[in-house]
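The primary structure of each chain is shown beneath.
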Amino acid sequence: MTALPAAVLTARAHDVSPEIVTDILTLVRHETSSYDLPGLAAGLDLLHALAVHRLDRPDHAQRHPGGKCGDTLTLTYTGTGAGHVVLIGHYDTVWPTGTLAGWEQPEGSGDGREKLSGPGIFDMKTGLVQGIWALRLARASGVPVPTVTFLFNGDEEIGSLSSRPVIEEVAQQADATLVMEPTAHGAVKTARKGCGIFRVTATGVEAHAGLAPQDGASAITALSEFVVAAAAVAAPGKGTTINTGLIKGGSGTNVVAGQATASIDIRVSSEAERLRVDDALDAIRVSDRRVRIEIDHAWNRPPMTLTASSARLLALAREVTREQGRGDLPDAAVGGASDANFVAALGLPVLCGVGAVGDNAHARGEFIYPDTVPAQTSLVAGLLGRLAEPLRDCA
């Protein structure tokens, strides 16, 4: 296997860093809220045009309609090696359209480093651009590179509802997958929690709160009992968290509530915990048996763990960072979920969090350190060189 020269790659990445940052800011200035379909469509057109501008036209392109979600775009560039790598990134953000107008740039960090901020810059438009430039740098190096398929989806922040089948299909056709999500303070992400959004519905009996309260069975009271009991199912020591984030119910202050619903966020680190939580929530009983409790067990993403094949991919990434003079690349387990969860659940090699270095995902003021862009871009470029042959031949 021929490795890309780390010093050359890093130097080239530094030379083009202003152009990479310009591309990042171009994407950030176009808002792509998960719920703004026209904005998502235009944002994907912009991303597609950027890929063509920096890499020329792909050998194959397909836009997969998202319906009520943003479309998913796959672009395949045929390589000069036998390997096939997928680079996954989402272009939707959690920020409502119009957020950019009131966004303020943060002051520099305490150590004097420059920051760049904007809605979606950290999660994860920087990663999208770095992935495109990584392939550009790898191809320009003159050594064999794998076939690369970019998968850009517009619904990751709301569960990858339409893009999941595309992600799974494309990943199964490749030798390795890199998810361009932001790093964990420079570390790649090799384990992520599985997550679910459960909807719990309580159906009681309405009655006049003053004239005949005894005839009523309060759905709100019963649901309150349920969510307290559900919170007790959490096991933080095992990585299991349970948070009731939304409650709605009732029809008036003078009516015993006949209906109430709760949305509960659940995170687990293992399949065993997922099964335990399912059983434990089903076993909860409320004091007023006239109230019916129904639970929609909506698991969105399975847990992601570091498998043997992904560990080999991590080892290759560490080879790259050592050659770049960065030492061993750290890895981390995090509570958030991503599209990497889907790939890992298929038993396929995947690394997540090879994108931006910064902080404050999903928080006003999210930012990147632009001085890290060259190293992160050359890391992915170096990995592409090592994956010019199938991963099984790279051990």
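Quick caveat: nothing in here was measured; it's all calculated off a predicted structure.

Chemist: I'd like a rundown of helix α2 (residues 17-28), residues and numbers included.
Modeler: Its 12 residues place the ends of α2 17 Å apart at the C-alpha level, agreeing with the 16 Å of an ideal helix rising 1.5 Å per residue. Among the residues of α2, those classed as buried are Ser17, Ile20, Val21, Asp23, Ile24, Leu27 and Val28. Buried residues along α2 cover an arc of 155 degrees about the axis, so they all sit on one side.

Chemist: Could you give an account of the pairing of strand β1 (residues 60-64), naming the residues involved and the relevant values?
Modeler: Here 5 bridges tie β1 to strand β2 (residues 70-77), and the two strands are oriented antiparallel to one another. Paired with Gln62 across the strands is Thr74, a residue of β2.

Chemist: Give me the pattern of salt bridges: which residues, what numbers.
Modeler: If you walk through the whole model with that rule in mind, you get 18 salt bridges. Where Arg54 meets Asp23, a salt bridge forms, and the shortest distance between an N and an O atom there is 2.9 Å. Of this pair, Arg54 sits in helix α3 (residues 37-55) while Asp23 is found in helix α2, placing the two residues 31 residues apart along the sequence. As far as burial versus exposure is concerned, Arg54 and Asp23 are alike and both buried. One salt bridge connects Arg386 with Glu323, and the closest N-O pair in it is separated by 2.8 Å. Placement of Arg386 in helix α10 (residues 373-386) and of Glu323 in helix α8 (residues 308-323) is noted, with a sequence separation of 63 residues between them. In this structure Arg386 comes out as buried when scored by relative accessible area, which is 2%. Among the ionic contacts, a cluster of salt bridges with common partners joins Glu19, Asp23 and Arg54.

Chemist: Explain the pairing of β2 to me, using residue names and the numbers behind them.
Modeler: Summarising burial for β2: 7 of the 8 residues are buried, a large majority. Joining the antiparallel neighbours β1 and β2 is a turn of 5 residues, in which Gly67 adopts a positive phi near 65 degrees. Note: β2 against strand β5 (residues 147-154), 7 bridges, orientation antiparallel. For Thr74, the partnering residue across the bridge sits in β5 and is Leu151.

Chemist: Tell me about the packing of helix α1 (residues 6-15) against α10, and please be specific about residues and values.
Modeler: Where α1 meets α10, the closest approach of the two axes is 8 Å, and the angle between their N-to-C directions is 135 degrees. As far as their axial angle goes, α10 and α1 are oblique. In terms of crossing hand, the pair formed by α1 and α10 is right-handed. Contact residues: Leu9, Thr10, Ala13 and His14 in α1; Pro374, Ser378, Ala381 and Gly382 in α10. Split by residue class, the contact of α1 with α10 holds 4 nonpolar, 4 polar and no charged.

Chemist: Tell me about the confidence of the model for the chain, and name the residues and values.
Modeler: Chain-level statistics for the chain give a pLDDT mean of 95 and a share of 97% at 70 or above. Per-residue pLDDT, averaged within each element of the chain, yields its smallest value for α1 (90) and its largest for β2 (99).

Chemist: How would you sum up the sheet that holds strand β17 (residues 358-359)? Please name residues and give values.
Modeler: Read from one edge to the other, the open sheet built from 3 strands follows the order β4-β18-β17, with strand pairing classed as antiparallel. The sheet terminates laterally at β4 (116-117) and β17, the two strands that pair on one side only. Where β17 meets strand β18 (residues 367-368), 2 bridges bridge the pair, whose relative direction is antiparallel. Of the residues in β18, the one forming a bridge with Gly358 is Ile368.

Chemist: Quick rundown of the UniProt feature "domain: Peptidase M20 dimerisation" (unreviewed entry) in the chain? Include the residues and the values.
Modeler: Under the local residue numbering, the UniProt record ascribes the feature "domain: Peptidase M20 dimerisation" (unreviewed entry) to residues 190-283. As annotated, residues 190-283 comprises 27% helix and 38% strand, and the C-alpha atoms at either end are separated by 33 Å.

Chemist: So what about the environment of Gly210? Which residues, and what values?
Modeler: Note that Gly210 resides in the loop between β9 (207-208) and α6 (219-231). On the accessibility criterion, Gly210 (56% relative accessible area) is exposed. Considering only alpha carbons, one finds Gly210 and Asn254, 44 residues apart in sequence, at a separation of 6.9 Å.

Chemist: Can you lay out the side chain of Ser33 for me, pointing to particular residues and giving the numbers?
Modeler: Secondary-structure assignment places Ser33 in the loop between α2 and α3. Of the residues examined, Ser33 reaches a relative accessible area of 7% and is grouped as buried. Residues in contact with Ser33, not counting those within four places in the same chain, are Leu40, Thr93, Trp95, Pro96 and Thr97.

Procedures and definitions
Residues numbered from 1 in each chain as written. Predicted model: local features only at pLDDT ≥ 70, side-chain atom pairs only at ≥ 80, totals over all residues. Heavy atoms only, no water. Helix = DSSP H or I, 4+ residues; strand = E, 2+ residues; numbered from the N terminus. Expected span 1.5 Å × (residues − 1). Buried < 20%, exposed > 50% of the residue type's maximum accessible area, 1.4 Å probe, protein only. Arc of directions from axis to C-beta. Pairing = 2+ DSSP bridges. Salt bridge = Lys/Arg side-chain N within 4 Å of Asp/Glu carboxyl O. Axes fitted to C-alpha atoms, helices over the stretch in contact; angles between N-to-C directions. Parallel < 35°, antiparallel > 145°, perpendicular 65-115°, else oblique. Left-handed = near helix turned anticlockwise from the far one by under 90°. Contact = heavy atoms within 4.5 Å. Nonpolar A, V, L, I, M, F, W, Y, C, P; charged D, E, K, R; others polar. pLDDT = per-residue confidence, 0-100. UniProt positions renumbered as here; feature names shortened; annotations may be inferred.

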